[in-house]
Amino acid sequence: MVALSENVALAARPEVARRGPSPLGDRIFRFAALASALLVLLVLAGILASIAYGGWPAFQAFGPGFLVSSAWNVGREEYGALVAIIGTLVSALLALVIGVPISLGIAIYLTQLCPGWARRPVAMTIELLAAVPSIIYGMWGLFIFAPLFARFVQIPVSNVVEGLPIVGTLFYAQVPSGVGVLTAGIILAIMIVPFVASITRDMLDQIPTVLRESSYGIGCTTWEVVRYVLIPQASVSIIGAIMLGLGRALGETMAVTFVIGNANRLSASIFDPGSTIASRIANEFNEADGMQLNALMALGCILFVVTFIVLIIARLLVRRAKVA
Amino acid sequence: MNASPAAVSGPAETASPRPAPQAWGRVRAGRRSADKILIIGCTAATALGAIVLGSILIMLIIEGIRGFSPALFTQVTPGPGSEGGGIANAILGSLVMTVLGIVVATPVGVLAGTYLAEYGRTSHLANLIRFLNDILLSAPSILIGLFVYTLMVRPMGGYSGWAGGVALAIIATPVIVRTTEDMLRLVPGPLREAGVALGAPYSIVIRNVTWRAAQSGIVTGVLLALARIAGETAPLLFTALNNNSWFNANLMGGVANLPVMIYQFALSPYENWRQLAWAGALLITVTILGLSIVARFILSGPKGR
């Protein structure tokens, strides 16, 4: 009797399960999730397609010469990308040269030197730097930083180097107004610092404490621990973090538009105004039509390709380090 | 080989009462100064970051507070050369487009993050999407503006608040996808197994168990996305542009918004325009920093993690 009743109960169980919520809702939910995820792919493809489509006439009209021509003449419909490309690369590289040591310093301070009670407020301060909108950095750069920079750096340095070979051209400001490629580089450096610093800090935090403790145990100083133990351990992901910062610096628009001076000429001096791809698009796009619009789209296309290569390398480096 | 500290202190060892070695007593000068330089350099770098943030805030407060008046919140932006005015239309336009962006981005972002964490996991497709989402996360926002211009502004025949909202949604989505996935992954597997063992279909388990467990994390992601798009200027430049009056109820035509207003007014020759730009800048920065701080406190509060 007992065995029989158990058999009955077992047979009845699947019936109960089948009367549960309909599998249709389950399938719809799963499909919605998949569709949303695919939308991300679609948007990225759409960005590339739309910019390439818009820039195609310019690439066709000017050919490969578009990349190496410094002409930008709306009246004569002659366009070249060289000035903007050089401005973008130089300002981004200056940002790295200035920003990376500061970022590493902050990351090392936060993980190694900072007393425990101050760690959270200090980390919060640095993270808030990342939340400040780009346009506010632009205003700060133009109205606060640029006048100080002109007075205490550009004018004295220009006076000293005037007439000297090489440095006399590289660091001579014709109009010491404070705006220029170097100013843009400095503002960009401040903007990428919180990103590079927070990734580097996370990576340094992941290094097993045992490594650090044993190096202190054999008598290393903090500098030796950082230089010979921590930095080599985290080097791959630090390079990834730097590339991520580079990606941001290349595409940054509003802050650069405020402080770079928006000049369309090649200048050998980093104190002189210039322009970047993003600043030129921001400045001219709304008034542009015809070939100028296509040329700006073509600039956007170049920016897309360069930034995405940099970001892909960055993500690969950071990811590989995380898995390892 | 440098002279070892032992050799230097050799003669002193014969004298019996030797002063106790100081913390740095036996360390070579080169190592000592390298260490000092590191500590000073790192502290200076951190101080520099704090000084920049402080100086930005002080600048905004000094310049912006003067522009605060009731008119700021009741009047529209003035035309070129005219007196007074406020930024009520820009505040409302920013609110409308930001809310539009978040309303579009939140369901898409949460669902996509759910797909990555719950369904796709380590499949090739999920890995690809995760990778591209990370790239979209740091893509230059001006390119997103160009994309939406081609996608919406040109076919629709003009600037519109809808295009602005879509551009902001595209920027917000990757942030939400990323945080949602990270937070769902922190939910322990046994919770899901327990839900499935009760006979619930997986979609119900996700909605009633994992989402609920990761609730505060997901909300944080949405707040961070909100903070990110509230100050975005570049994508709005080509999509919503600006407008010195109230915008149309159907959001067609230029829609005034704070970031583009700040950009145009800050560089203008009119004193009252610049004053309004500073007031707007203070307003927007305080809002964004407040949102970021709230988001972080939710995450680190008792319910987080």
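Note that the structure is predicted; figures quoted are calculated from it, not measured.

### Digging into unusual backbone geometry
At E77 of chain A, a residue that is not glycine, the phi angle is positive and equals roughly 60°. Mapped onto the elements, E77 of chain A comes out in the loop between β1 (72-73) and β2 (78-79). Of note in this structure, R121 of chain B is not a glycine but carries a positive phi near 45°. Relative to the elements of secondary structure, R121 of chain B occurs in the loop between α4 (88-120) and α5 (124-137).

### Re the side chain of T233 of chain B
Mapped onto the fold, T233 of chain B is located in the loop between α10 (215-230) and α11 (234-237). Residues within four places of T233 of chain B in sequence aside, it is in contact with I135 and M254 of chain A together with P259, V260 and Y263 of chain B.

### Remarks on the interface of chain A and chain B
Taken together, the contacts link 79 residues of chain A with 81 residues of chain B. Buried area between chain A and chain B, summed over both chains or domains, comes out near 7200 Å², and the portion from carbon and sulfur atoms is 79%. The three residues of chain A that bury the most area against chain B are F29, V40 and R315 of chain A, which together make up 9% of that side's buried surface. Remark: the boundary between chain A and chain B carries two salt bridges. At the boundary of chain A and chain B, one finds eleven residue pairs in polar contact (both at pLDDT 80 or more). Those elements giving two or more residues to the side of chain A that touches chain B turn out to be α2 (23-62), α4 (82-113), α5 (116-131), α6 (134-161), α10 (222-251), α11 (254-259), α12 (277-284) and α13 (291-323) of chain A. Per element, the largest residue contribution to the side of chain A that touches chain B is 19 residues, and it comes from α2 of chain A. Tallied by class, residues from the side of chain A that touches chain B come to 54 nonpolar, 16 polar and nine charged.

### Overview of the nonpolar core
One broad trend across soluble globular proteins is that nonpolar side chains are buried collectively. With 184 residues, the main nonpolar core has I47, Y137 and F285 of chain A together with I87 and I142 of chain B as its most contacted residues. Sorting elements by how many residues they give to this core places α13 of chain A first, with 17 residues. If we skip the residues at most four places from it in the chain, I142 of chain B touches G251, T253, A278, I281, A282 and L303 of chain A together with A234 and F238 of chain B.

### A closer look at the packing of α5 of chain A against helix α13 (residues 271-300) of chain B
Relative orientation of the contacting elements α5 of chain A and α13 of chain B amounts to 135°, with a least axis distance of 10 Å. Judged by the inter-axis angle, α5 of chain A sits oblique to α13 of chain B. Of the two elements, α5 of chain A crosses α13 of chain B, and the hand of that crossing is right-handed. Contacts between α5 of chain A and α13 of chain B involve R120, M124, E127, L128 and A131 of chain A from the first element and I288, L289, S292, I293, R296, F297 and S300 of chain B from the second. Of the residues in the contact of α5 of chain A with α13 of chain B, the class split is seven nonpolar, two polar and three charged.

### Focus on the UniProt feature "transmembrane region" (unreviewed entry) in chain A
When the UniProt feature table is mapped onto this chain, "transmembrane region" (unreviewed entry) is found at residues 28-59, 79-110, 122-150, 170-197, 225-246 and 295-318 of chain A. With 93% helix and 0% strand, the stretch residues 122-150 of chain A has end C-alpha atoms that lie 30 Å from each other.

### Remarks on the confidence of the model for chain A
Residue and element names in this part refer to chain A. Model confidence for chain A is summarised by a mean pLDDT of 85, while 91% of its residues fall at 70 or above. Per-element averaging of pLDDT across chain A places helix α1 (residues 2-18) at the bottom with 49 and α4 at the top with 93. Of the regions scoring below 50 in pLDDT, residues 1-6 engages in zero contacts with residues more than four places distant in sequence or in other chains. Scored below 50 in pLDDT, residues 8-12 makes zero contacts in the model with residues more than four places away or belonging to other chains.

Parameters and conventions
Residues numbered from 1 in each chain as written. Chains lettered and ligands numbered in written order. Predicted model: local features only at pLDDT ≥ 70, side-chain atom pairs only at ≥ 80, totals over all residues. Heavy atoms only, no water. Helix = DSSP H or I, 4+ residues; strand = E, 2+ residues; numbered from the N terminus. Contact = heavy atoms within 4.5 Å. Buried area = accessible area lost by both parts, 1.4 Å probe. Salt bridge = Lys/Arg side-chain N within 4 Å of Asp/Glu carboxyl O. Polar contact = N/O pair within 3.5 Å; in protein donor to acceptor, adjacent residues only side chain to side chain. Nonpolar A, V, L, I, M, F, W, Y, C, P; charged D, E, K, R; others polar. Core = buried A, V, L, I, M, F, W, Y, C linked by side-chain atoms within 4.5 Å. Buried < 20%, exposed > 50% of the residue type's maximum accessible area, 1.4 Å probe, protein only. Axes fitted to C-alpha atoms, helices over the stretch in contact; angles between N-to-C directions. Parallel < 35°, antiparallel > 145°, perpendicular 65-115°, else oblique. Left-handed = near helix turned anticlockwise from the far one by under 90°. UniProt positions renumbered as here; feature names shortened; annotations may be inferred. pLDDT = per-residue confidence, 0-100.

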